[in-house]
Amino acid sequence: MEKTVTFLLVEDDVVDAKQVQRALHKLKLLNPIHIARDGVEALEMLRGEQGREPIRSPYLILLDLNMPRMNGLEFLEAIRKDSSLSQSIVFVLTSSKEERDRLSAYHHNVAGYIVKDDVAREGLIQALDMIDHYWRVVEFP
Amino acid sequence: MSMKNPLRPDTAPQPEPVDILVVNDEPSMLFAVQSLLIDPAYQVEGVGSGEAALRWLLRRDCAVILLDINMPGMDGFETASLIRQRDQSRNTPIIFTTAYRTADVDTAQGYALGAVDYLFIPIVPEVLRSKVAVFADLFRQRRQLARQVELSAANHALQREIAQRIRTEQELHRSNAELEQFAYVASHDLRAPLRGIRNLTGWIQEELGALALSDEIRENLGLLQTRVRRMEQLIEGLLAYSRIGRVHGNLETLDSGALLAEILDLVQAPAGFRIEIGERMPVLKANRTQFQSVLQNLITNAVKHHDGAMGRIQVDAIAEGDGYRFTVTDDGPGIPPQHRERVFQMFQTLRPWDEAETSGMGLALVRKAVEYAGGTITLNEAPGGRGARFSFTWPVVPESIG
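In this text, all values refer to a predicted model and were calculated from it rather than measured experimentally.

Overview of the interface of chain A and chain B
The interface is formed by seven residues belonging to chain A together with eight residues belonging to chain B. Tallied by class, residues from the side of chain A that touches chain B come to one nonpolar, two polar and four charged.

This is the structure in structure tokens:
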């Protein structure tokens, strides 16, 4: 795999975002990581709007669900409709197993779920470790 | 009230008999009229005076009054006038009977007093019977009508009540849905900042780990962490507690023995503990989430509150009444009688919660779930003197409800 995968973290909570960054740091993952505070900002980043450089493939999206302006589900709808973004790999960050269960009705082809609230605090780290192996092994579109 | 006519046993049951009042001071006349009116459709009452008639009419209603005009004391006309003055007998048909087939009889007066007819003595049996029959029929019809009106009114009242109950039920559903939404959002929004605090204190601890911190700082950070954890437990406990009775889960057929094996996996008791499950654990229909949480809580409690490194917990069940009785017995320190009610209350613990690491919600939840399922739970000393025994009943759900 020649190219390094870019992470796009879509998360409005500062502390939750820090949690992801620290976990990546602990795993010694040096991938570039961009942070968007909500779905609108995330789309701007992906499309290169508002004077930004668009995020280039290969990238992987870590998506929180509860955000202002455009929440996680609305974001998923938007990228599925956009042919240039519909193939994005998305991992959803949920704050509870319950919330995760509630999503089962949404067929948005998410690649997986990470529960933030994991009592075993290493849970996030293990999930990111899995993602790390995922992008090393899987062909990105 | 309808009876078969003993004289004509092959016929259909007779209608409810109507009352007929005969008023005549001469016993032979009374007897004659009564005999002429023998019929299962009639209940004939004979009295010998106007006063007696009035007394009878105080208690009863009748289809027609056969009233003799010539009576000593109060005659027929006077009696009729008094009968007409009473609300309940104002419209009762009166047939005057009189021996005088002469113009002396003041028929006009009789009719003015509300008589509907006259019968002249000697009485022609067919005439008597046919006149009485007319009024008997009329009375029966009016009685039937009155009953139908009553029935119709009762019906309407019932329908109004049903409509009211449906409305109440709908309101309840809506209110429950709102409550569920509220509980979910509240717990979700409360947990988010808690998670943040937990993370931040953890990171601070990590960052400061290498430095020489005062014991005080370390201790305070530790206390911070446990308090955050406690809040998280409380929120979860409250949410679960509020759900019982509000969220109607489906009833499933559960093998309690298999379920207990799963629970043992989840509980992860320390090495020295032995948890024994009875031999014949029943299969029953119950809400899985609640039934499981009851057993899981009781077993977890027994392990957590044990004061030794080795413990023995027994779970058993017997059929009782129309359901089963489950017991969870431990050989721990037991619970003194004065606390046995208190432990079931919300947020109650017997040790400072810092030590016990529980939310205090477990038993409150257990009791609520058991009672919602229709059972009862009691706490006693374990047989053998040491430890506690929790015993609860779980009624079997009748097929039609599940």
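The structure having been displayed, the exposition proceeds.
Here's the deal with unusual backbone geometry
The amide bond that connects A:Ser57 to the next residue, A:Pro58, takes the cis arrangement and shows omega of 0°. Omega for the peptide link from B:Ile121 to B:Pro122 comes to 10°, which places this bond in the cis form. With respect to the secondary-structure elements, B:Pro122 resides in the loop between strand E5 (115-120) and helix H5 (125-208). The phi angle at A:Gln50 is positive, at roughly 55°, despite the residue not being glycine.

Topic: the environment of B:Pro282
Residues and elements named next belong to chain B. Within the element layout of this structure, Pro 282 appears in the loop between strand E7 (273-277) and strand E8 (283-287). Sequence-wise, Pro 282 and Ala 317 are 35 residues apart; in three dimensions their C-alpha atoms are separated by 7.3 Å. Once residues within four sequence positions are removed from consideration, Pro 282 is found in contact with Ser 256, Ala 317 and Tyr 324.

Structural notes on the nonpolar core
Ranked by size, the top nonpolar core spans 35 residues in total, and within it B:Leu298, B:Ile299 and B:Val366 carry the most contacts. Among the elements of the structure, helix H6 (215-243), helix H7 (256-267), E8, helix H8 (288-304), strand E9 (311-320), strand E10 (323-330), helix H10 (362-372) and strand E12 (388-395) of chain B are those that each provide at least two residues to this core. Sequence-distant contacts of B:Leu298, defined by excluding residues within four places in its chain, comprise B:Val328, B:Val366 and B:Phe390. Counting 31 residues, the second-largest nonpolar core is a separate cluster that includes A:Ala17, A:Leu24, A:Ala42 and A:Tyr59.

Brief notes about the confidence of the model for chain B
Looking at chain B as a whole, its pLDDT mean stands at 85, while 89% of the residues score no less than 70. Interface confidence in the predicted complex, given as ipTM, is 0.76; pTM for the same model is 0.55.

About the thresholds
- Residues numbered from 1 in each chain as written.
- Chains lettered and ligands numbered in written order.
- Predicted model: local features only at pLDDT ≥ 70, side-chain atom pairs only at ≥ 80, totals over all residues.
- Contact = placed C-beta atoms within 7 Å.
- Nonpolar A, V, L, I, M, F, W, Y, C, P; charged D, E, K, R; others polar.
- Helix = DSSP H or I, 4+ residues; strand = E, 2+ residues; numbered from the N terminus.
- Core = buried A, V, L, I, M, F, W, Y, C linked by C-beta atoms within 7 Å.
- Buried ≥ 20, exposed ≤ 12 C-beta atoms within 10 Å, placed from the backbone.
- pLDDT = per-residue confidence, 0-100.

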